[in-house]
Amino acid sequence: MTTTSTQANGSGGSAAPIQERDRVTVRFAGDSGDGMQLAGNRFADATAVFGNDFSTLPDFPAEIRAPAGSLAGVSSFQISFSKHQIFTPGDEPDTLVAMNPAALKSHLSALAKGGLLVINEDAFTSGNLKKANYPSNPLSDGSLDSYRIIKAPITTAAVAAVEDLGLTTQNAERTKNFFALGLVYWLYDRDLQPTLDWIEDRFGRIPNIAEANRRALYAGHAYGETTEIADAHVRVPPAVLTPGEYRTITGNQALVLGLITAAHLTDLELFYGSYPITPASDVLVELAALREFGVRTFQAEDEISAIGTAIGAAYGGGLGVTGTSGPGIALKSEALNLAVMTELPLIVLDVQRSGPSTGMPTKTEQTDLLQVMFGRNGESPLCVLAAKSPGDCFYMVLEAVRLAFQFVTPVVLLSDTYLANTAEPWPVPDITQLESIDVPYRRLEHVSAEDFEPYKRDPDTLARMFIPPGQPDLQHRIGGLEKSDITGDVAYSPENHQRMTDLRAEKIRRIANFIPEVEVDGPESGDLLVLSWGSTYGAVFTAVNEARAAGHEVAHAHLQYLNPFPRNLGDVVSRFRRVLIPEANTGQLRMLIRANFLVDAEGYNEVTGQPLSARQLTERITQMAAN
Amino acid sequence: MVLQTPPLEPVESIIPLAEEDLTRKDYASDVDTRWCPGCGDYSILAQMQRGLSNLNVAPEKMVFVSGIGCSSRFPYYMNTYGMHSIHGRAPTIASGLKLSRPDLMVFVITGDGDALSIGGNHLLHVLRRNVDVKIFLFNNRIYGLTKGQYSPTSELGKVTKSSPIGTTERPLNPLSIALASEATFVARSFDTDPQHLTATIERAARHHGAAFVEILQNCNIFNDRAFADYTDRNVRDERLLYLEHGQPMLFGEDKNKGLAVSATGLRVVDADGPDAGLILTHDATRPSPDVHQLLARCSYPEMPVPMGVIRQVTTPTYGDYLDSQIEVAKFKNRHDVAQLLKGRSTWQVE
Ligand SMILES: Cc1ncc(C[n+]2csc(CCOP(=O)(O)OP(=O)(O)O)c2C)c(N)n1
Ligand code: SF4
Ligand SMILES: [Mg+2]
């Protein structure tokens, strides 16, 4: 292994030749108070403007401020950017920015040997080393010899740059993230302008803070320029993306935009009942700021109330939505079943997180699939969808709303922590090109009392005749007791319960006639199909392509519709000798596929709280393909 | 931010009145009632239909939402829209409905177990938020539907099926809970005084804001005569205090007793005695619920049991605030979905 240790000496001007690379992954790691999320987001912005494709992965502790310098308090932000289209934030970073010993300790293992370390040497004090459980200083004990290192006095240099601005020591030191950012901008040839604009926008009203951040940014950049840093100056050419107008989007932002757009496309008012919970809270918070769109957000006293209010809004004919994460779904189950029995168009967002119980609130997992499928008493079928990328959250909300109204049913849309927080470039949809969403009850406005029965069904969809309160002469009562077919009266007869159970199941099955078939990427039949769902799309897509590049023939299919499955799915899985299902759980989709289609599907499962690793998955796929 | 205080509007301005005169029958559905013969719920149903017909609001503009319990079967018997929902959660469904459909009158029917045990949390919050829904709690101090277990209002030591040698827990006072939540309308009535019940229901329905009415209801199967000591016809005058806003707090066959403030709460004084001048005049509109709380705590046998509207204050509802926020935001801010989709900044890929 070649090892280069580049000692930055802080003097001398050199123009190290710039190298071109296809893709680079950088991870910023520091204390929660070091502003790493901010630095990462600014870097993403500058990257977007530069024209690379990119994907980000913020990772932060559940504690708002763990003790400064502690291992528990490390917060990180990874960004991968490329001249090609990319689908994951990258497995291993090429560059790790470590703002203190705890950050180095927590993240060094992710850095490939020979990778570049950017270190804030000021933070490597004996106190901080102790907090990170370092017996000796890694900067001097040789343990980092297999990496390339830029040791920079980030704190002192930042403080020196802002010296005469009259800031408190604390505020002066706070600018160190901008210094680090400036240095990384130099390394990767980023334009400072988008960040300077942002500083003005954000801090313009506090001139000396704005000026301090600007100076720290410039100083970091100049530090890169004037310091001899061998083969670290890298340029990733812009990606060739489909022409159009782009913005950056995270999954949670896409959920918010999807809901507002769905309200527009249905011409209904949005009601969002929710109780704060990581990682779904942003949706409540962002919607609450959009009153001008007629949005009624309701911060309920608990998740039960949150779904209750959403059911009330849906019953009233509005766009009733509730959003939460796994623990909240558990609380909502009984009310969700009420929506199943009363057959109301209700949207439930589940931004999954790591469990069981409180689990790891800020970490990702795909472990609620079976909960939303089956976690209710009785035979309780409902529609389940899952988004595959941050931007896809937008389109899947529209799908959820379309199906909820067309079939008069609750629909659960699964996202997760990873999608919620990951940012990617997103082509801004043209609102005029989006199809309006039909609200069938509007056509019942003039229905006569003779023609109205609350549980009379549409012959194609089996959707019941739902009309909200207010219409004269059609007064009727619904509820959680078993309903008589057609009339909706309370009914206890054995035949009726069997018929209603069958009808509720059949209604959900028929959704399959109104959703797209699953597409197979690669050969239509053969030895190996990789079948994925939800947020693992990017990692699986990447791994499948790597395996193909290594000469293997592998097919990939991805599910956005989990209940019902696309109608051709059984046929697709039966055409392959082996089926591999990668999931960030212990095999929930695999259980469903095996049960539904009697295929001996195999699993690739990681439950680490982190997104699936494309690299390890590639190994597994190549192994299987070679056999 | 200073909350915009919208003007308060009478029922009629929000919910259109029916064209012809409506009667009790217009509110009765054709579903057969299923309560035990002699159950107090029958009388409440009749008085509800009568009381609402006085409002002359069309039945299709009314929605009854209930939880689970004998009492919660109520919506089936009303010729209005309705939802018989799940145990304890009716206030949440009613809140979502009323906030998104201000044009409807929304009622909640609940029991002592439904409202104070499994749904206790929701009751506090719907009252605190002053969502414009009318809540009727049928208090029979027992779980009727599940066949006679004690409830959160059953008295300490009460022998029931699930407390064969008596309960070991103290009861909640529903009115105290409502007042502690700063409910804007708090009243009590009972099943065997049709006139008083009808009037109380009508007043609650006309209140702008969350209304809470405790209705003492006899469960003749599992807790018969639970309130008979003070509601029986022959003892009522002596043992009940019928409250009227603006009237002195007098009771007794010849109105010969009244309530005055004592060092520890309220006390009974002789209306013809030396302390007659200290007898309180009922002020339901007092912003502070202090005296209302003292009234709520009056219980038999030490004190007369208060009936009627204990508290009625007018403040903007949750919906008033929410709607005015929306109106102001629509006036002040752009609301163009296409623009929203673009976010803070976009870039062009050629
Ligand atoms: C989740 C749930 N738990 C328990 C029950 C059983 N249950 C039905 S009604 C009831 C108590 C009802 O008592 P109350 O609210 O006082 O109404 P009442 O029947 O006395 O009118 C219980 C425990 C239920 N339906 N749902
Ligand atoms: S059990 Fe009691 S409350 Fe229930 S219907 Fe019978 S009498 Fe009424
Ligand atoms: Mg009861």
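What you see is a predicted model; the values in this text were computed from it and never measured.

Around ligand 2, the neighbouring residues are B:Trp35, B:Cys36, B:Cys39, B:Cys70, B:Asn140, B:Gln217, B:Cys219, B:Asn220, B:Ile221 and B:Phe222. Residue composition of the shell around ligand 2, by class: seven nonpolar, three polar and no charged.

Residues and elements named next belong to chain B. The protein atoms donating to the magnesium ion (ligand 3) are Asp 112 (OD), Asn 140 (OD1) and Ile 142 (O), with metal-donor distances spanning 2.0 to 2.2 Å. Taken in sequence order, the residues that donate to the magnesium ion (ligand 3) follow the motif D-x27-N-x1-I. Taken together, the residues Asp 112 in helix 4 (residues 112-118) and Asn 140 in the loop between strand 4 (133-139) and helix 6 (174-180) connect sequence positions 28 residues apart.

Our next topic: the interface of chain B and chain A. Taken residue by residue, the interface counts 57 residues in chain B and 66 residues in chain A. Between chain B and chain A, the buried area comes to about 5100 Å², and carbon and sulfur atoms account for 62% of it. The largest per-residue losses of area from chain B upon contact with chain A belong to B:Tyr81, B:Leu341 and B:Trp347, which jointly make up 18% of the total buried on that side. On inspection of chain B and its partner chain A, the count reaches four salt bridges. The residue A:Asp201 makes a salt bridge to B:Arg344 at a minimum N-O spacing of 3.1 Å. For the interface between chain B and chain A, the tally reads 26 residue pairs in polar contact (both at pLDDT 80 or more). Those elements that place two or more of their residues in the side of chain B that touches chain A are strand 2 (81-84), helix 3 (90-100), helix 5 (120-129), helix 11 (318-332), helix 12 (337-342) and strand 12 (347-349) of chain B. Tallied by class, residues from the side of chain B that touches chain A come to 23 nonpolar, 21 polar and 13 charged. Sheet topology note: the strand 17 (residues 477-479) of chain A/strand 2 of chain B ladder contains three bridges and is parallel. Looking at strand 2 of chain B, one finds that A:Ile478 is bridged to B:Met83.

Moving on, we come to the domain arrangement of chain B. A common measure of how large an interface is: the accessible area buried when the components associate. Residues and elements named next belong to chain B. According to the domain assignment, chain B consists of domain 1 (24-247 + 282-342) and domain 2 (256-281). Contacts between the two partners involve 12 residues from domain 1 and, on the opposite side, eight residues from domain 2. By the criterion of area lost to domain 2, the three top residues of domain 1 are Glu 238, Leu 294 and Met 303, representing 47% of everything that side buries. Connecting domain 1 to domain 2 are one salt bridge.

Residue and element names in this part refer to chain A. The full count for this structure, using the stated rule, is 27 aromatic pairs over all chains. Between Phe 394 and Trp 426, the ring centres sit 5.1 Å apart and the planes meet at 65°, which makes this aromatic pair edge-to-face. Highlighted residues: Phe 394 in helix 14 (residues 390-407) and Trp 426 in strand 16 (residues 423-427), separated in sequence by 32 residues. Residue Phe 394 shares its accessibility class with Trp 426, and that shared class is buried.

Residue and element names in this part refer to chain B. The topology assignment puts Phe 227 in the loop between strand 6 (211-216) and helix 8 (228-231). Phe 227 sits 12 residues away from Arg 239 along the chain, and the two C-alpha atoms are 11 Å apart. The residues touching Phe 227, leaving out its near neighbours within four places in the chain, are Asn 139, Asn 140, Arg 141, Leu 216 and Gln 217.

It is worth spelling out the nonpolar core at this point. Residue and element names in this part refer to chain A. The biggest cluster of nonpolar side chains holds 168 residues, and the ones touching the most others in it are Leu 287, Leu 319, Leu 531 and Leu 589. By residue number, the principal contributor to this core is helix 14, which donates 11 residues. One finds Leu 116, Ala 158, Val 184 and Ala 210 within the second-largest nonpolar core, a separate group that totals 56 residues.

Conventions adopted
- Counting from 1, residues in each chain are numbered in the order their sequence is written.
- The naming scheme follows written order: chains are lettered A onward, ligands numbered 1 onward.
- Confidence filtering applies because this is a predicted model: local features only for residues at pLDDT of at least 70, side-chain atom pairs given and counted only at 80 or more, and all residues used for totals across whole chains, interfaces and linings.
- Think of the side-chain values as coming from all heavy atoms in the structure, minus any hydrogens and water.
- Whether a residue is near a molecule or strand is decided by its heavy atoms; if any one of them lies within 4 Å of it, the residue is near.
- Gly falls in the polar group here, along with every residue not listed as nonpolar (Ala, Val, Leu, Ile, Met, Phe, Trp, Tyr, Cys, Pro) or charged (Asp, Glu, Lys, Arg).
- As a rule, N, O and S atoms within 2.8 Å of a metal are its donors, except that Na, K and Ca use 3.2 Å; water is not among the atoms, so sites may look incomplete.
- Helix and strand definitions here come from DSSP, where helices need a minimum of 4 consecutive H or I residues and strands a minimum of 2 consecutive E residues; each element is numbered from the N-terminal end.
- Pairs of residues are marked as contacts when any of their non-hydrogen atoms sit within 4.5 Å.
- A quick way to say it: buried area is the sum, across both parts, of accessible area lost when two parts are put together, with a 1.4 Å probe.
- Each salt bridge in this description consists of a side-chain nitrogen of Lys or Arg and a carboxyl oxygen of Asp or Glu lying within 4 Å of one another.
- By the criterion applied in these results, polar contacts are pairs of N or O atoms within 3.5 Å in which, for protein atoms, one can donate a hydrogen and the other can accept it, and in which residues neighboring in sequence qualify only through two side-chain atoms.
- Strand pairing is assigned whenever DSSP detects at least two bridges linking the two strands.
- Source of the domain bounds: an automatic or database domain assignment.
- By convention, a stacked pair of Phe, Tyr or Trp rings (six-membered ring in the case of Trp) has centres within 6.5 Å and planes under 30 degrees apart, an edge-to-face pair has planes over 60 apart, and any other such pair is tilted.
- Only protein chains enter the accessibility calculation, which uses a 1.4 Å probe. A residue is then buried if its area is under 20% of the maximum for its type, exposed if over 50%, and partly exposed in between.
- Nonpolar core, defined: a set of buried Ala, Val, Leu, Ile, Met, Phe, Trp, Tyr and Cys residues in which side-chain atoms within 4.5 Å join the residues together.

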